[in-house]
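One letter stands for each residue in the lines below.
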Amino acid sequence: MRRLPLIIVPYLWLLLLFLVPFLIVLKISLSDTALAIPPYKPTLDLSTGWEGIRAFFAALDLENFKFLASDELYWRAYLSSLKIAGISTVLALFVGYPIAYAMAQAPDEWRPTLMMLVILPFWTSFLIRVYSWMGILSNEGFLNQFLLWTGIISAPLTILNTNTAVYIGIVYTYLPFMILPIYAALDKLDTSLLEAAEDLGCSRTSAFWLVTIPLSKSGIIAGCFLVFIPALGEFVIPSLLGGSNSLMIGKVLWEEFFSNRDWPVASAVAVILLLILIIPIILFQRNEQNQREAGK
Amino acid sequence: MRRFSWFNATSLTLGFAFLYMPMIILVIYSFNESKLVTVWAGFSTKWYGELAGNQQFLDAAWVTIKVAVASSTLATIFGTMAALVLVRAGRFPGRTLFSGMIYAPLVMPEVITGLSLLLLFISIGLDRGVFTIVLAHTTFSMCYVSVVVSSRLVTFDQSLEEAALDLGCTPVKAFQLVTLPIIAPAVISGWLLAFTLSLDDLVIASFASGPSSTTLPIKIFSAVRLGVSPEINALSTIMIGIVTVGVITASLISKRASVKQQRDEQAAARAT
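This structure is a prediction, so every number in the text was calculated from the model and none was measured.

Turning our attention to the overall build of chain A. Check the secondary structure of chain A and you find 14 helices and 2 strands. Against the globule reference of 19 Å for 296 residues, chain A gives a C-alpha radius of gyration of 25 Å, more extended than a compact globule. Principal axes of the C-alpha set define a box for chain A whose edges measure 80 × 65 × 35 Å. The buried share of chain A, taken over its 296 residues, is 42%. Sequence separation of at least 24 residues holds for 73% of the intrachain contacts in chain A that already meet a minimum separation of 6.

Turning next to the overall build of chain B. Along the backbone of chain B there are 11 helices and 0 strands. Overall, the C-alpha framework of chain B stretches about 70 × 65 × 35 Å when taken along its three principal axes. Sequence-distant contacts in chain B: of pairs separated by 6 or more residues, those separated by 24 or more amount to 77%.

Moving on to unusual backbone geometry. Residue and element names in this part refer to chain A. For Asn161, which is not a glycine, the phi torsion comes out positive at approximately 70°. Mapped onto the secondary structure, Asn161 falls in the loop between helix 7 (142–150) and helix 8 (163–188). What makes Asn161 partly exposed here is the crowd of 19 C-beta atoms within 10 Å.

Turning our eyes to something else, we now look at the environment of Ile159(A). All names here are of chain A. Along the chain, the position of Ile159 falls in the loop between helix 7 and helix 8. On a C-alpha basis, the gap between Ile159 and Leu137 in space is 5.8 Å, while along the polypeptide they are 22 residues apart. Residue contacts for Ile159: discarding those within four places in its chain leaves Leu137, Thr164 and Ala165.

Now for the packing of helix 9 (residues 191–199) of chain A against helix 10 (residues 204–215) of chain A. Residues and elements named next belong to chain A. Two elements in contact, helix 9 and helix 10, have axes whose closest approach is 10 Å; the angle formed by their N-to-C orientations is 130°. Relative to helix 10, the element helix 9 lies oblique. Helix 9 and helix 10 meet at a crossing whose hand is right-handed. Along the contact surface, helix 9 presents Leu193, Leu194, Ala197 and Glu198, while helix 10 presents Arg204, Ala207, Leu210 and Val211. Of the residues contributing to the contact of helix 9 with helix 10, the split by class is 6 nonpolar, no polar and 2 charged.

Counting residues at the interface gives 61 residues for chain A and 58 residues for chain B. Mapped onto the side of chain A that touches chain B, the elements with two or more residues apiece are helix 1 (4–29), helix 4 (72–105), helix 5 (111–123), helix 6 (126–137), helix 7, helix 12 (236–242), helix 13 (249–258) and helix 14 (263–295) of chain A. With 16 residues, helix 1 of chain A is the largest single contributor of residues to the side of chain A that touches chain B. When the residues that make up the side of chain A that touches chain B are grouped by side-chain class, the tally is 49 nonpolar, 9 polar and 3 charged.

Counting residues in hydrophobic clusters, the biggest one holds 149 residues, and the most contacted among them are Ala100(A), Leu253(A), Val269(A) and Leu115(B). Top contributing element to this core by residue count: helix 8 of chain A, with 17 residues. The contact partners of Val269(A), leaving out residues within four places of it in the chain, are Leu68(A), Tyr74(A), Ile249(A), Val252(A), Leu253(A) and Glu256(A).

The terminal C-alpha atoms of helix 10 of chain A lie 15 Å apart, and with 12 residues this matches the ideal 16 Å at 1.5 Å per residue to within 8%. Among the 12 residues of helix 10 of chain A, 0 are classified as buried, and the element is accordingly described as predominantly exposed.

Okay, the packing of helix 6 (residues 130–154) of chain B against helix 8 (residues 171–200) of chain B next. When two helices pack together, you describe them by how their axes are tilted relative to each other and by the distance separating the axes. All names here are of chain B. Running from amino to carboxyl end, helix 6 crosses helix 8 at an angle of 155°, the nearest separation of the two axes being 9 Å. By the angle between their axes, helix 6 is roughly antiparallel relative to helix 8. Our pair here, helix 6 against helix 8, has a crossing hand that is right-handed. Touching His137, Ser141, Tyr144, Val145, Val148, Val149, Arg152 and Leu153 of helix 6 are Ile183, Ala186, Val187, Ser189, Gly190, Leu193, Ala194, Leu197 and Ser198, all from helix 8. The residue makeup of the contact of helix 6 with helix 8, split by class, is 11 nonpolar, 5 polar and 1 charged.

All names here are of chain A. Under the 1.5 Å per step criterion, the end-to-end length of helix 1 is 36 Å for 26 residues, consistent within 8% with the ideal 38 Å. Where helix 1 bends most, the angle comes to about 35°, and this point is Leu15. Among the residues of helix 1, those classed as buried are Ile7, Pro10, Tyr11, Leu14, Leu17, Phe18, Pro21, Phe22, Ile24, Val25, Ile28 and Ser29.

So, on to the confidence of the model for chain B. Residues and elements named next belong to chain B. For chain B, the average pLDDT comes to 88, and 98% of its residues sit at 70 or higher. When pLDDT is averaged over each helix and strand of chain B, the minimum, 84, is found for helix 11 (residues 230–271) and the maximum, 94, for helix 9 (residues 203–208). Reported confidences for the modelled complex are a pTM of 0.89 and an ipTM of 0.87.

Residue and element names in this part refer to chain A. Among the structural elements, Leu193 can be located in helix 9. We classify Leu193 as partly exposed; it has 14 C-beta atoms within 10 Å. Linking Leu193 and Phe94, residues 99 residues apart in sequence, is a C-alpha distance of 24 Å.

What follows concerns the environment of Gly94(B). Following the sequence through the fold, Gly94(B) ends up in the loop between helix 3 (55–88) and helix 4 (95–107). Through-space distance from the C-alpha of Gly94(B) to that of Leu226(B) is 48 Å; in sequence the pair is 132 residues apart.

Parameters and conventions
Residues numbered from 1 in each chain as written. Chains lettered and ligands numbered in written order. Predicted model: local features only at pLDDT ≥ 70, side-chain atom pairs only at ≥ 80, totals over all residues. Helix = DSSP H or I, 4+ residues; strand = E, 2+ residues; numbered from the N terminus. Rg over C-alpha atoms; globule rule 2.2 N^0.38 Å. Buried ≥ 20, exposed ≤ 12 C-beta atoms within 10 Å, placed from the backbone. Contact = placed C-beta atoms within 7 Å. Axes fitted to C-alpha atoms, helices over the stretch in contact; angles between N-to-C directions. Parallel < 35°, antiparallel > 145°, perpendicular 65-115°, else oblique. Left-handed = near helix turned anticlockwise from the far one by under 90°. Nonpolar A, V, L, I, M, F, W, Y, C, P; charged D, E, K, R; others polar. Core = buried A, V, L, I, M, F, W, Y, C linked by C-beta atoms within 7 Å. Expected span 1.5 Å × (residues − 1). Bend = angle between axes of the 7 residues up to and from the residue. pLDDT = per-residue confidence, 0-100.

Encoded structure:
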């Protein structure tokens, strides 16, 4: 059994630092807020034996979830996160598809450079990329100065601290996630199919809609999930670009924990967010699996 | 010979302008004389000078680098082990759970990972500081490393390792002499990925850090919450510069290595 230590080390590490923390979140989401350290109850007391364990489980309840369901703020935060992530994903698709398409059509000697130009922003700090938009979108920012100078607008637009700024931020930071899978799908596309379509009387535009788009479907789906899933729980973008006006659940969780110090409610917010995320994650997995099987 | 159509050329130009303009503007304005970030008042490097004298930023940068080196090294070791398990170990009890735990952190919102780790540290009474940030970063970046390394291991010809074993190598020796050199590029890119993930992380570090262990992203975040500042522009420019130089060097090295490999293979083919 020489492979045993190989399995045990990473397994134990992930159990202790990934799975156990989750069970703790789940447990605290079922606990009550208390003025104590730690600020929740019950805490498991093993010194009293079985009685203690039974009392511990009896004190857990769904009160925090009932509270979340009854308070409009949380409903609105979840819905608004879904809306913001959804709109940003669609925008990223419209911006990313033409870029991926042009990359797939580019001369071969250009491709490594274009690839590197798409990947380079990945290695640059996420925080800095989001921050760079603060100076551009503010009222006296670069964009407003430019638009005023060209005479397109006569008064500065308010973009920073609105949802529009959040959309721009998400599209900007997650665009490579959209481009790369679509490019991978388009790159594999057999161009003789397009020629066949044209020979059979298809115009170039309808060949694009009838051949290229359906054949890049798996890339489009993968790209959309890769943008949607992280955007849903995003914290940095709404808090820097959205200000107090934009409501996203990641920000609510952060404030619940750090400002309100209400750990049980923060944990309940996390559990629900996770339940919402499971659906797109499973769909994404299924898409990946289909692709792998199609590739074989 | 394919050329760019006007449509493709336009979408590439606009696309890359969108990806790079914000960073270029940031770099330009870091050399602005004025404290008001949006008004150009002449060229100056004074904000770099102020930055060099700002002890808080220097301390935070030092903490960040220590954390990144420690966590990416640990993550590379555990991540490579996990990749070997995923690709090679076959069936064992709890395999589904194991691969689930490898893939789940990749899609987990950072706020949830951060919250859950913090609650763990508190419930076992571990004081938060550099050590807890290292634990947290190792946990999520080892999953990225294992994905990168296992994608290389899948294409690896296992008969090479079997040959080494037949010729009397111990399993550890065979791993060192045969497997490791072949998967080395993936292990190195895994390390680099883990290193940048750790350098970059704000959310998980905020949950896992204590008052004495502020990392650079935490420091930057609390500064930029109050608005744009020329000092942060200067700091960002330095960071963008380091990354650009690093990525370009790495791609040149890997390009040269692949050219050399091709030449070797051709030479070998001629020799036989």
